[in-house]
Amino acid sequence: MDKPIVICKDVWKIYQQGEVKVEALRGVDLDIFQGEFVSLAGASGSGKTTLLNMIGGLDSVSSGYVEVDGDDLSGMNKNGLADLRLSKIGFVFQAYNLIPVLTAYENVEFIMQLQGVPAERRRELSHEILGRVGIADMGERKPAELSGGQQQRVAVARALVSNPSIILADEPTANLDSKTSESLLELMAELNQESQTTFIVATHDPQVIEFTKRKILISDGKVAQDC
Amino acid sequence: MSAQQLNQNSQSRFGRSMSLILPLAWRNLWRNKRRSLLTMLAIFVAVMSMVVLGAFMRAWSSATIVETINNLTGHGQIHALQYLDDPNIDYRIKAIPGSIANHLNSAEVTHRADRVRVPAMIRSERENSPVELLGIQPAQEKGLSFISEAIIDGRYLESNADKGIILGKKLADRLQTKLGRRVVLMSQHQDGSISERGYRVVGIFTSQPGIEKFNVFISIQSAQALLGIGSDISEVTFKLQSREQIAGFVQRLRNENSELDIQAWDELQPFTKAMIEMSDGSILIWILVSFTVVSFGLINTLLMAVFERMREFGLFQALGMKTRWLLLQILFESTFMMAVATAAGLIAGILIVIAFEGGLDLGVGASYFGAAQVVYPELDWSEVSYIGVLVMFLGVLASLYPAIKAARNVPVDVLSRATN
Ligand SMILES: Nc1ncnc2c1ncn2[C@@H]1O[C@H](COP(=O)(O)OP(=O)(O)OP(=O)(O)O)[C@@H](O)[C@H]1O
Ligand SMILES: [Mg+2]
């Protein structure tokens, strides 16, 4: 493994809530390499989501340095960050992952559409990927007509379909039963193996932590353990 | 990459984003059908009422003007100075000066009639009543005033020397007289004495209640004889080829002569003029009020739609959609809503106006105010398109605020917080 795909150097994030300052991240140092499957564990409020937001360019750091796939995020404006997210990062959230008015196919195609992939190619890829995540026959359904697990599969499919450098998943299994979680995890692991896409999963779920090769424990806004 | 390629690329990118957000906007519009439909209904009603009200008000104004002009006023009148303040036998026109006569003979003037017009008392064998006596030139009144066509019983006056009198139906009823009976007119003679003569009722007319009760018509020479004024007259009434010429014509007459009082119809009938101006103003007020109501409804609907979808907007942004596209998406949503409702409102308004093109009877009540009783609404396409454009423009303007709110205020933590 050569250069890390994600580099965090002394990352601080301080939220100002009225009079109160909340130090959500207090000097995170972290390198993540291409093809890794990493879990971010930690108590509620420890800063997992905040860290994912920093890496994903959803929010800006208070101080420190974040680099994703060679891009220094601190130097980017809003539009630059939007482009970065569009081209390099796939997101899977805990819930509300999908756009309600679009079908599963359309949700999967959404990013490709933003990227300007031609319609035929999009169709092809979206059919293929929904097949790979095991819900080929549900492509025409709207999110409301899918179960939680199926929705998460669509979300993973969408995150994956445009070949991002990393996929950031924030508690992707939180709304799923353990069996469904298991199969979603297996799916992600499989995809991680196949395409060498880097996965960073924030979670409290022991099942997920168990599953991942590299386990990072966040505590009080810092990396407490990395193994 | 050449400049051309770059340009092409950005163009296709624009097209791409459009094909992405247009369907999204359309589908989002129907997510909360009831709310969208209610908002659209409000826009629909507002637009429809603007079109209908505009057409009816215009019809009403123009019918009222025509009515006023036909009711003895003409496009303008000439009197002796002071006559209008005190319409009295003493203030008469002895001779029309040549310069004025020249103007009255010009091609612009389509109708011209001389009248004697004084207050009088009318008496039957049973009742009496104060009236306004008009001595007219029967042939000249044709096409100028209503009277030649308003006879419902008996006949119209036949010559400038006709000996008969024409009464309104209401006055005849009041005097308990009828066709063929005799009535007595009493008025002030030019020498200051009271002059009195009998006339046979040869015709009964109908008109606006005020005129029907108050105006009686005899031939001009009968009137001149009754009052002992030779060939003097009280007024000249004229009508021009078109209403647009009135102001200029009146000005020219005034420039010629300051010994006579020359007035246009709207100066002679300030009440009618005020009424028409008020109705024009009320259209504007209605448009403003209904549009204000509608835009608040629209803003409200959009704000609701935006706030309940904050997460989704967060998602769009997380997925890499730029804020300007988000903004456009909301704008399109409201534009669709406006466009559909405005189009429907315009069409409905147009159909209603067309349905009443044959005339709408406002009832006798209207004529008490000197307003027209039957109005003929007419579409003014420039007004219709003006309403359409205005509503669309203001609608899009009104939706800018919610759209900006949606696009700017998407804290990314809406997204992550949503998970808790
Ligand atoms: N937008 C914000 N404004 C103020 N404080 C915030 C904001 N976002 C997060 N925080 C605070 O920062 C700290 C870290 O929050 P974060 O959401 O990263 O925790 P987490 O590890 O993801 O927790 P959980 O497991 O509950 O999701 C918390 O104390 C939280 O209250
Ligand atoms: Mg979290």
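What counts and what doesn't
- Residues numbered from 1 in each chain as written.
- Chains lettered and ligands numbered in written order.
- Predicted model: local features only at pLDDT ≥ 70, side-chain atom pairs only at ≥ 80, totals over all residues.
- Heavy atoms only, no water.
- Domains from an automatic or database assignment.
- Pairing = 2+ DSSP bridges.
- Helix = DSSP H or I, 4+ residues; strand = E, 2+ residues; numbered from the N terminus.
- Contact = heavy atoms within 4.5 Å.
- Axes fitted to C-alpha atoms, helices over the stretch in contact; angles between N-to-C directions.
- Phe/Tyr/Trp six-rings, centres within 6.5 Å; stacked < 30°, edge-to-face > 60°.
- Buried < 20%, exposed > 50% of the residue type's maximum accessible area, 1.4 Å probe, protein only.
- Parallel < 35°, antiparallel > 145°, perpendicular 65-115°, else oblique.
- Left-handed = near helix turned anticlockwise from the far one by under 90°.
- Nonpolar A, V, L, I, M, F, W, Y, C, P; charged D, E, K, R; others polar.
- UniProt positions renumbered as here; feature names shortened; annotations may be inferred.
- Patch = residues over 30% accessible without salt bridge, like charges linked within 9 Å, V, L, I, M, F, W, Y side chains within 5 Å.
- Areas by Shrake-Rupley, 256 points an atom, 1.4 Å probe, with all protein chains shown as cover.
- Salt bridge = Lys/Arg side-chain N within 4 Å of Asp/Glu carboxyl O.
- Disulfide = S-S within 2.5 Å.

1. Points about the domain arrangement of chain B
Reasoning step 1: Considered domain by domain, chain B is made up of domain 1 (18-66 + 273-419) and domain 2 (82-258).
Reasoning step 2: Placing the centre of domain 1 of chain B and that of domain 2 of chain B at their C-alpha centroids yields a distance of 52 Å.

2. Digging into the sheet that holds strand β2 (residues 20-32) of chain A
Note on sheets: strands pair through backbone hydrogen bonds, and any given pair is parallel or antiparallel.
All names here are of chain A.
Reasoning step 1: Pairing is antiparallel across the open sheet formed by four strands, whose spatial order is β2-β1-β4-β5. Among the strands making up the open sheet, the edge pair consists of β2 and β5 (71-72).
Reasoning step 2: Across two bridges, the pairing between strand β4 (residues 63-68) and β5 is antiparallel. The partner of V68 across the bridge, within β5, is D71.
Reasoning step 3: Running over the sheet, helix α1 (residues 48-55) touches β1 (6-17), β2 and β4 and is turned about 120° from β1.

3. Remarks on the packing of aromatic side chains
Residues and elements named next belong to chain A.
Reasoning step 1: For the structure shown, the criterion picks out 11 aromatic pairs over all chains.
Reasoning step 2: Each ring, one from F37 and one from F199, has its centre 5.2 Å from the other, and the planes form 10°; the classification is stacked. Of this pair, F37 sits in strand β3 (residues 37-41) while F199 sits in strand β8 (residues 198-202); the two residues are 162 residues apart in sequence, bridging distant segments of the chain.
Reasoning step 3: For F37, a relative accessible area of 4% translates into the label buried.
Reasoning step 4: Each member of the aromatic cluster is reached from another via a ring pair, and the members are F37, F199 and F211.

4. What about helix α7 (residues 220-227) of chain B?
Residues and elements named next belong to chain B.
Reasoning step 1: Of all eight residues in α7, six are buried, a share of seventy percent or more.
Reasoning step 2: The complete set of buried residues in α7 reads I220, S222, A223, Q224, L226 and L227.
Reasoning step 3: Check the buried side of α7 and you find it contacts β2 (109-123), β3 (128-136), β6 (182-188), β7 (194-205) and β8 (215-219).
Reasoning step 4: Of the residues flanking the end of α7, it is G228, one or two places downstream, whose phi is positive at about 65°.

5. Some words on the packing of helix α3 (residues 104-115) of chain A against helix α4 (residues 119-132) of chain A
Residue and element names in this part refer to chain A.
Reasoning step 1: Interhelical geometry of α3 versus α4 gives an angle of 125° and a closest axis separation of 9 Å. Of the possible angle classes, the one that applies to α3 and α4 is oblique. Note that α3 runs across α4; the crossing there is right-handed. Touching A104, Y105, V108, E109, M112 and Q113 of α3 are R122, R123, L125, S126, H127, I129 and L130, all from α4.
Reasoning step 2: Residue composition of the contact of α3 with α4, by class: seven nonpolar, three polar and three charged.

6. Brief notes about the UniProt feature "transmembrane region" (unreviewed entry) in chain B
All names here are of chain B.
Reasoning step 1: UniProt records the feature "transmembrane region" (unreviewed entry) for residues 37-60, 283-306, 326-356 and 384-404 in the present numbering.
Reasoning step 2: Secondary structure content for residues 283-306 is 100% helix and 0% strand, and the end C-alpha separation is 33 Å.
Reasoning step 3: Taken end to end, residues 326-356 comprises 97% helix and 0% strand; its first and last C-alpha atoms sit 45 Å apart.

7. Digging into a nonpolar patch on the surface
Residue and element names in this part refer to chain B.
Reasoning step 1: Residues L38, L41 and V45 make up a contiguous nonpolar surface patch of about 270 Å² in total accessible area.
Reasoning step 2: Along the polypeptide, L41 turns up in helix α2 (residues 33-73).
Reasoning step 3: Classification of L41 by relative accessible area gives partly exposed; the value is 46%.

8. Brief notes about the pattern of salt bridges
Reasoning step 1: Scanning all chains against the criterion turns up 31 salt bridges over all chains.
Reasoning step 2: R122 of chain A is the partner of E109 of chain A in a salt bridge, and the nearest nitrogen-oxygen pair spans 3.3 Å. Taken together, the positions of E109 of chain A in helix α3 and R122 of chain A in helix α4 put the pair 13 residues apart, joining distant regions of the chain. Grouping residues by exposure puts E109 of chain A and R122 of chain A together as buried.
Reasoning step 3: E308 of chain B is the salt-bridge partner of R35 of chain B, the closest N and O atoms lying 2.9 Å from each other. Pair noted here: R35 of chain B is in helix α2 and E308 of chain B is in the loop between α10 (270-307) and α11 (310-318), with a separation of 273 residues, a long-range link.
Reasoning step 4: R35 of chain B gets classed as buried once you look at its relative accessible area, which sits at 14%.
Reasoning step 5: Taken together, the shared-partner salt bridges connect R115, R117, E132, E141 and E235 of chain B into one network.

9. What to know about unusual backbone geometry
Reasoning step 1: For L72 of chain B, which is not glycine, the phi torsion reads 75° and is therefore positive.
Reasoning step 2: The phi torsion at Q176 of chain B lies on the positive side, around 55°, for a residue other than glycine.

10. A short note on the state of the cysteines
What makes a disulfide is a covalent bond joining the sulfur atoms belonging to two cysteines.
All names here are of chain A.
Reasoning step 1: All chains considered together, the criterion is met by zero disulfides over all chains.
Reasoning step 2: Unpaired in this structure, C8 has its nearest cysteine sulfur neighbour in C227, at a distance of 18 Å.
Reasoning step 3: Taking the relative accessible area as the measure of exposure, C8 reaches 2% and is therefore buried.
Reasoning step 4: Classification of C227 by relative accessible area gives exposed; the value is 53%.

11. A word on the pairing of β3 of chain B
All names here are of chain B.
Reasoning step 1: Burial analysis of β3 places seven of its nine residues in the buried class, which makes it a mostly covered element.
Reasoning step 2: If you look at the hairpin formed by β2 and β3, you'll find four residues sitting between the two strands.
Reasoning step 3: Bridge count for β3 against β8 is five bridges, and the pairing is parallel. When the sheet's bridge partners are listed, I136 is paired in β8 with S219.

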